[in-house]
Amino acid sequence: MTTPGTRQVKGCANMNQNQNGPSIVYQIKMQGRLDKSWSGWFSGMTITLDSDTTILTGAVADQSALRGILTKLWDLNLALISVAQIDMPEAKG
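A brief look at the structure comes next. Computed from a prediction, not measured in an experiment: that's the story for all the values here.

For the rest of this paragraph, the subject is the pairing of strand S3 (residues 53-60). Judged by how many residues are buried, S3 sits mostly within the fold: seven of eight residues are covered. Sheet analysis places strand S1 (residues 24-31) next to S3, joined by eight bridges and oriented antiparallel. Bridge assignment links lysine 29 to a residue of S3, and that residue is isoleucine 55. The sheet contact formed by strand S2 (residues 46-50) and S3 spans five bridges and is antiparallel. Bridged to threonine 46 within S3 is threonine 57. Turn length for the S2-S3 hairpin, with the two strands adjacent in sequence and antiparallel, is two residues, and the turn residue serine 51 shows positive phi of about 60°.

Laid out in C-alpha cells, this is it:
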C-alpha cells in the first residue's frame, strides 16, 4: 500500500533492512573540520581531514543507521558534500 502522491519503487521495499548481510562501507564528505575525537559519536567511523573538508569512512549497518549519521551532521550544521558507497579491499590471510 502506498500513500497518495507516492509510488512503490520495484525492488526497494526492503532497502533499509540488512538481514544477515555484511555492513556496507560508506565515505561521507562534509565541508568543515571535525576533530578525530568525534569518531565515537559517529559509530567509530574513521575521521580524515583534508584541507577544509572532513571525511568519515566506515561500515554502516543499514539505511536507518546511515540516516542517523547524516542527521548528526545536520545537527552540527555541517554542509554535506557527498555520500558514496565504497569497496574495501578484503584482508588476505
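A few words on the packing of aromatic side chains. Following the criterion strictly, the structure yields two aromatic pairs and no others. With 5.3 Å between their ring centres and 65° between their planes, tryptophan 38 and tryptophan 41 make a pair best called edge-to-face. Classification of tryptophan 41 as partly exposed rests on a relative accessible area of 37%. Ring geometry for tryptophan 41 versus phenylalanine 42: centroids 5.3 Å apart, planes at 80°, classification edge-to-face. Given a relative accessible area of 0%, phenylalanine 42 falls into the buried group. Three or more aromatic residues joined by ring pairs make a cluster, and in this case those are Trp38, Trp41 and Phe42. Across from the ring centre of tryptophan 41, 5.1 Å away, lies the NZ or CZ of lysine 72, which sits over that ring.

Compared with an ideal rise of 1.5 Å per residue, which puts 13 residues at 18 Å, helix H1 (residues 63-75) spans 18 Å between its outermost C-alpha atoms and is within 8% of the ideal. All of the buried residues along H1 are Leu66, Ile69 and Leu73. Viewed end-on, H1 has its buried residues packed into an arc of 60°, placing them on one side of the element. The exposed residues of H1 that point more than 90 degrees off its buried face are Arg67, Trp74 and Asp75. The secondary structure elements touched by the buried residues of H1 are S1, S3 and strand S4 (79-85). For H1, the N-terminal capping position is held by aspartate 62, with its side-chain oxygen 3.2 Å away from the main-chain nitrogen of serine 64. Trailing H1 by a residue or two, asparagine 77 shows a phi angle of about 60°, which is positive.

Basis of the calculations
- Residues numbered from 1 in each chain as written.
- Predicted model: local features only at pLDDT ≥ 70, side-chain atom pairs only at ≥ 80, totals over all residues.
- Heavy atoms only, no water.
- Buried < 20%, exposed > 50% of the residue type's maximum accessible area, 1.4 Å probe, protein only.
- Helix = DSSP H or I, 4+ residues; strand = E, 2+ residues; numbered from the N terminus.
- Pairing = 2+ DSSP bridges.
- Phe/Tyr/Trp six-rings, centres within 6.5 Å; stacked < 30°, edge-to-face > 60°.
- Lys NZ or Arg CZ within 6 Å of the ring centre and 35° of its normal.
- Expected span 1.5 Å × (residues − 1).
- Arc of directions from axis to C-beta.
- Contact = heavy atoms within 4.5 Å.
- Polar contact = N/O pair within 3.5 Å; in protein donor to acceptor, adjacent residues only side chain to side chain.

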